[in-house]
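Structural overview for review
If you want the building blocks of each chain, they are given just below.
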Amino acid sequence: MLKVIPFLLLAAPAAAQTPVTPEEFEGYATGRTLSYAAGGQVFGTEQYLPNRRVVWAFEGEDCQYGRWYPEDDQICFAYEDGEPQCWTFWKKGTGLAARYMNDAVGMELSEVNRSSAPLNCPGPDVGV
């Protein structure tokens, strides 16, 4: 029983948060580029375009193009390659936080930068 308690304490803060609605998410994110961090390290950056289109890049990697869509209380992302990934977003401080729902641990990301500038996507093999 003692081994379960720390896990429950870790899960409790996210469970207490009220997820943003798809309309709130769309209003907040569209036209912006948001960077997210996990454990104090920048994880990646996503540009939110009109019509729920997105451009995502893990830190130091190539851009991936896709779209987002609501599913229950989650915001799911479908990129060119790969399976959809669903997250729960909530307001945290002046930004957003998110928890990945397909992971037993439930990795949490926090918004660390917000910009109206587009994501820099030079593409592979530029300058070769």
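Position labels on residues start from 1 in each chain and follow its written sequence. Two thresholds apply to this predicted model, a pLDDT of at least 70 for residue-level local features and 80 or more for giving and counting side-chain atom pairs, whereas whole-chain, interface and lining totals are computed over all residues. Only hydrogens and water are removed before side-chain values are computed, so all heavy atoms of the structure are retained for them.

What about the overall build of the chain?
As a reminder of what qualifies: A run of H or I in DSSP counts as a helix once it spans at least four residues, and a run of E counts as a strand once it spans at least two, with each numbered from the N terminus. Throughout this description, buried means an accessible area under 20% of the type-specific maximum (1.4 Å probe, protein chains only), exposed means over 50%, and partly exposed covers the range between. What makes two residues a contact is simply this: any of their non-hydrogen atoms within 4.5 Å.
The secondary structure content of the chain amounts to 2 helices and 8 strands. Start at the N end of the chain and walk to the C end: the helices and strands fall as α-α-β-β-β-β-β-β-β-β. Within the span of the chain, comprising 128 residues, buried residues form 34% of the whole. Taking the contacts inside the chain whose residues are at least 6 apart along the sequence as the reference set, 36% of them involve residues at least 24 apart.

Notes on the sheet that holds strand β4 (residues 64-71)
One key point about sheets: their strands pair by backbone hydrogen bonds, in either a parallel or an antiparallel sense. What counts here: Strand pairing is assigned whenever DSSP identifies at least 2 bridges connecting the two strands. All axes here are fitted lines through C-alpha atoms, helices being fitted over the stretch that makes contact, and every angle between N-to-C directions spans 0 to 180 degrees.
Taken in spatial order, the 8 strands close into a barrel running β1-β2-β3-β4-β5-β6-β7-β8, and their pairing is antiparallel. Between one strand and the next, the sheet's axes are offset by a mean angle of 35°, whatever the strand orientation. Pairing of β4 with strand β5 (residues 74-79) involves 6 bridges; the strand directions are antiparallel. The residue bridging glycine 66 from the neighbouring strand is tyrosine 79, located in β5.

A word on the pairing of strand β6 (residues 85-92)
Here 3 bridges tie β5 to β6, and the two strands are oriented antiparallel to one another. Bridge pairing in β6 places phenylalanine 77 opposite glutamine 85. Linkage of β5 to β6, two consecutive antiparallel strands, is achieved through a turn of 5 residues, within which glycine 82 is found at a positive phi near 115°. In terms of strand pairing, β6 meets strand β7 (residues 95-100) through 6 bridges, oriented antiparallel. By the bridge assignment, tryptophan 90 is partnered in β7 with alanine 97.

So, the pattern of salt bridges
Convention followed: A pair is scored as a salt bridge if a Lys or Arg side-chain nitrogen falls within 4 Å of a carboxyl oxygen belonging to Asp or Glu.
Throughout the structure, instances matching the rule amount to 4 salt bridges. Of the charged contacts in the structure, one is a salt bridge between glutamate 111 and arginine 114, with a shortest N-O distance of 3.0 Å. Taken together, the shared-partner salt bridges in this structure form one network comprising Lys92, Arg99 and Glu108.

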